[in-house]
Amino acid sequence: MANKTKITYRQVGDFKIPNIILPPEQANIPVGKWGTMHKNYLEHNKRGLFMLMITKCTLWPYLADIDRQANEMYGLLIEQMKEAEGVTEQLKEQNQLEWICRMGNIQERATEIVCDELIYV
């Protein structure tokens, strides 16, 4: 038997707009920094897809997955770049300012890569 959900509407001018409410299991899904960035991108650049995902209740699990993937990619990129560029704990002990500058540069590049590969696509 199909799940019969009663849809309610609100009047906005001459139009009736459906009141869309997240199912309880999706109401508390954390989407994090990357998921929020991707949500904003979809909302402003891929409006049709954004609305489709909202109406199918797939947006929040999708954003949570994007956030998980982005966090993993970001962490991996940071570690790989640190190793490739010799940014070590020893450098941190010997020259903190140099370490901070190089780490900031690595973090910026990792952020840019994650955004290009996962967030703004």
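Residues numbered from 1 in each chain as written. Predicted model: local features only at pLDDT ≥ 70, side-chain atom pairs only at ≥ 80, totals over all residues. Heavy atoms only, no water.

(A) Local environment of the nonpolar core. W34, A70, V87, M103, I106, V114 and I119 are the most contacted members of the largest nonpolar core, which has 16 residues in total. Looking at this core element by element, the count peaks at eight residues for helix α5 (residues 96-119). Non-local contacts of M103, meaning those with residues more than four positions away in its chain, are made with I78, K82 and V87. One finds Y41, F50, L59 and L63 within the second-largest nonpolar core, a separate group that totals seven residues. (Core = buried A, V, L, I, M, F, W, Y, C linked by side-chain atoms within 4.5 Å. Buried < 20%, exposed > 50% of the residue type's maximum accessible area, 1.4 Å probe, protein only. Helix = DSSP H or I, 4+ residues; strand = E, 2+ residues; numbered from the N terminus. Contact = heavy atoms within 4.5 Å.)

(B) Looking closely at the pairing of strand β1 (residues 9-12). Relative to strand β2 (residues 15-18), β1 runs antiparallel, the two being bridged by four bridges. Across the sheet, R10 pairs through a bridge with I17, a residue of β2. (Pairing = 2+ DSSP bridges.)

(C) Looking closely at a nonpolar patch on the surface. Residues V12, F15 and I17 make up a contiguous nonpolar surface patch of roughly 270 Å² in combined accessible area. With respect to the helices and strands, the residue F15 is situated in strand β2. Given a relative accessible area of 58%, F15 falls into the exposed group. (Patch = residues over 30% accessible without salt bridge, like charges linked within 9 Å, V, L, I, M, F, W, Y side chains within 5 Å. Areas by Shrake-Rupley, 256 points an atom, 1.4 Å probe, with all protein chains shown as cover. Salt bridge = Lys/Arg side-chain N within 4 Å of Asp/Glu carboxyl O.)

(D) Expanded view of a negative patch on the surface. A surface patch of negative charge is lined by E108, E112, D116 and E117. Assignment of secondary structure puts D116 in helix α5. (Lys, Arg positive; Asp, Glu negative; His and termini not counted. Charge placed at Lys NZ, Arg CZ, Asp CG, Glu CD.)

(E) Layout of the side chain of K82. Within the secondary structure layout, K82 lies in helix α3 (residues 59-85). Ignoring any residue separated from it by four or fewer positions in sequence, one finds K82 in contact with V87, M103 and I106.

(F) Region of the structure containing unusual backbone geometry. A positive phi angle, close to 60 degrees, is found at C57, a residue other than glycine. Mapped onto the fold, C57 is located in the loop between α2 (47-55) and α3.

(G) Structural context of the confidence of the model for the protein. Looking at the protein, the pLDDT average stands at 91 and 92% of residues meet or exceed 70. Mean pLDDT across the secondary structure elements of the protein bottoms out at β2, with 84, and peaks at α5, with 98. (pLDDT = per-residue confidence, 0-100.)

(H) Structural detail: α3. For α3, spanning 27 residues, the distance from its first C-alpha to its last is 38 Å, which sits close to the expected 39 Å at 1.5 Å a residue. The complete set of buried residues in α3 reads L59, L63, I66, D67, A70, L77, I78, M81 and K82. On the buried face of α3, the contacting elements are α1 (32-45), α2 and α5. Immediately downstream of α3, the backbone of G86 shows phi near 70 degrees, a positive value. (Expected span 1.5 Å × (residues − 1).)

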